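# Remarks on the overall topology
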Amino acid sequence: MKRYILPAATALAGFAIAWAVKPAEQSAAAAPASGTPQARAATQRGASVLPAGKRPKEVNAGDFPLADALADAPKSREEAKMLRLSEALGLTVDQQGSIIRVVEDAQATLNGNVPVFEDLASRGQLVQQGLETTLSPEQLAKFQEIQERERDNLIEARAQRLLTGAISDIDLSPDQREAVLARLRQKARMDIQGIPAVAALLFDKSLLPVGDKELSVEGLLQLSKMGEEVVFEDPMVAHQKVVDTQKRELEDILRCFDGILTPGQMGQFQATVNEERAALLRLPAQVVQDIPPVPDDAPDDE
């Protein structure tokens, strides 16, 4: 059998928050007076000079209730997903365990020798059947409502992300933003519709606790746009197919802005896109060149 491999390109964005506390060991008497040259220099450097006899406000334990609550918050996304699902559906402990087993059993049937969507649809159907057995009719109806919201939120998130990437470099008026966003929403909706609904149960962003064992939504969308599976028998052919798909995607995005932006604004957008494309095209080409060809006698299950 052929081995189906999905080429994935992901971007990781993170954030870090640090608290620094530097105790003031100097006595109030040692602090320079506000009118002295030393005080003025300290103020220019951003230092704070307290009047004589004044002390900083005491920090109480209850001053940061939301930040302190993080200690008791879920420690993983999967734990948080189950907490939200239990909250929305009123799950019992037994139902929680059943849902986890349903997902794990479906993931255990993963078949890498068939097209990705065929495998996702098959495993997603197993999850759907498990949910129908586990949940009451009322709970199942609520879950379907959540699925619809999840799909709408995904569409909105994709549209907003595309718009955000543009307005940081283009001077758009409020009316232009709304007009472009309406087109981007329509594009995102059409993109999502290209993925079978039952497969959405196994999205990495699904409300179900699927862990890190599933493909990303972005990877699935790229695969759906290719129209067929990519087989790495020839890495350069596979790479060219990815590039062609990205070019069609770029054309679709540009159409969302065409006719709304002025020539000068479109020039801003095109310049940004060209810079990003140049960087992206260089990297995959080098990566693919480094991939050794698949041996003819390689076993199918590798």
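## Overview of the overall build of the chain
Looking only at helices and strands, the chain features 10 helices and zero strands. Counting from the amino terminus, helix and strand elements in the chain follow one another as α-α-α-α-α-α-α-α-α-α. Across the 302 residues of the chain, 31% fall into the buried class. The contacts in the chain between residues at least 6 apart in sequence include a share of 70% that link residues at least 24 apart. In the form shown here, the chain has an accessible surface area of approximately 19,900 Å², with 55% of it arising from carbon and sulfur atoms.

## Comments concerning the nonpolar core
With 35 residues, the main nonpolar core has Leu 85, Ile 99, Val 127, Leu 131, Leu 135, Phe 143 and Leu 208 as its most contacted residues. Taken together, the elements giving at least two residues each to this core come down to helix 3 (77-89), helix 4 (93-108), helix 5 (116-134), helix 6 (137-167), helix 7 (174-193) and helix 8 (217-226). The residues touching Leu 208, leaving out its near neighbours within four places in the chain, are Glu 78, Lys 81, Leu 85, Ile 99, Val 103, Val 127, Leu 131, Phe 143 and Leu 201. Leu 172, Leu 184, Leu 250 and Phe 257 belong to the second-largest nonpolar core, a separate cluster that totals 17 residues.

## What to know about the confidence of the model for the chain
In low-pLDDT segments, the atomic positions of the prediction should not be examined closely. Across the chain, pLDDT averages 75, with 68% of residues at or above 70. Of all helices and strands in the chain, the one with the weakest mean pLDDT is helix 1 (residues 37-44) (52), whereas helix 4 scores best (94). Taken together, the stretch residues 284-302 has pLDDT below 50 and engages in 18 contacts with residues farther than four places along the chain or on a different chain.

## Observations concerning the environment of Thr 109
Secondary-structure assignment places Thr 109 in the loop between helix 4 and helix 5. Separated by 14 residues in sequence, Thr 109 and Arg 123 have C-alpha atoms that sit 7.0 Å apart. Contact partners of Thr 109, with chain neighbours within four places excluded, come to Asp 119, Arg 123 and Leu 126. At 2.7 Å, the side chain of Thr 109 and the backbone oxygen of Ala 106 are in polar contact.

About the criteria used
- Residues numbered from 1 in each chain as written.
- Predicted model: local features only at pLDDT ≥ 70, side-chain atom pairs only at ≥ 80, totals over all residues.
- Heavy atoms only, no water.
- Helix = DSSP H or I, 4+ residues; strand = E, 2+ residues; numbered from the N terminus.
- Buried < 20%, exposed > 50% of the residue type's maximum accessible area, 1.4 Å probe, protein only.
- Contact = heavy atoms within 4.5 Å.
- Areas by Shrake-Rupley, 256 points an atom, 1.4 Å probe, with all protein chains shown as cover.
- Core = buried A, V, L, I, M, F, W, Y, C linked by side-chain atoms within 4.5 Å.
- pLDDT = per-residue confidence, 0-100.
- Polar contact = N/O pair within 3.5 Å; in protein donor to acceptor, adjacent residues only side chain to side chain.

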